[in-house]
Amino acid sequence: MQARMNHPVMVIPEAMKTMQTLSNLPHGSLPEKLLELVHLRASQINGCSVCVDMHPKLAKRAGETDERLFCVAARRDAPYFTDAERAALALTESLTRLSDREEGVPDAIWREADKHFNEKELASLILAIAVINVWNRLNVAVRQPVGAWKI
């Protein structure tokens, strides 16, 4: 596959700086492995092959296991995840699929996330989900080829 055009963040370098800054904000507030699970799940939903290829590699570097990576999409029934991770992944799915239901983020999903994360952690989680969705949309729009981003 070949990209339709140069990636927008390469065409507009200020966008790359902004995206990198936004991408880095949640780090330090949340475990790296959790962030990578969130990135992977949103990317699976959005069909972003670049990110579905990249984020398991980053997760493995952070100490993630194959079993958990393989089961991210089936986290509800897989025994490998904590309640907090399940809550973060449910929030990821809701924020990524906003138009799939009348209420974008149902109260039950919000309450479960709120139970496991303090305000700063929730803010970081929401930012992480929003930013990966932007990256996914940019990559999908231009058909960014897998392997184009080096990790």
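In this report, the structure presented in the accompanying data block is examined. (Residues numbered from 1 in each chain as written. Predicted model: local features only at pLDDT ≥ 70, side-chain atom pairs only at ≥ 80, totals over all residues. Heavy atoms only, no water.)

## Describing helix H3 (residues 32–46)
For H3, which comprises 15 residues, the first-to-last C-alpha distance of 21 Å matches the rise-based estimate of 21 Å (1.5 Å per residue) to within 8%. Looking at H3, one finds that the buried residues are Leu 34, Leu 35, Glu 36, Leu 37, Val 38, His 39, Leu 40, Arg 41, Ala 42 and Ser 43. Gly 47, located one to two residues past H3, shows a positive phi value of around 65°. (Helix = DSSP H or I, 4+ residues; strand = E, 2+ residues; numbered from the N terminus. Expected span 1.5 Å × (residues − 1). Buried < 20%, exposed > 50% of the residue type's maximum accessible area, 1.4 Å probe, protein only.)

## Describing the nonpolar core
Among the nonpolar cores identified, the biggest contains 15 residues, and Leu 30, Leu 34, Val 38, Ala 88, Leu 91, Phe 117 and Leu 125 are the most heavily contacted of them. At the level of elements, H3, helix H6 (83–96), helix H7 (107–116) and helix H8 (119–142) are the ones that each hand at least two residues to this core. For this core, the element with the highest residue contribution is H8, accounting for 4 residues. Leaving out residues up to four positions away in the same chain, Phe 117 has contacts with Leu 30, Leu 34, Ala 84, Ala 88, Leu 122 and Leu 125. (Core = buried A, V, L, I, M, F, W, Y, C linked by side-chain atoms within 4.5 Å. Contact = heavy atoms within 4.5 Å.)

## A look at the environment of Met 54
Looking at the element boundaries, Met 54 is found in helix H4 (residues 49–61). Taking C-alpha positions, Met 54 is 9.6 Å from His 39, a pair spaced 15 residues apart along the chain.

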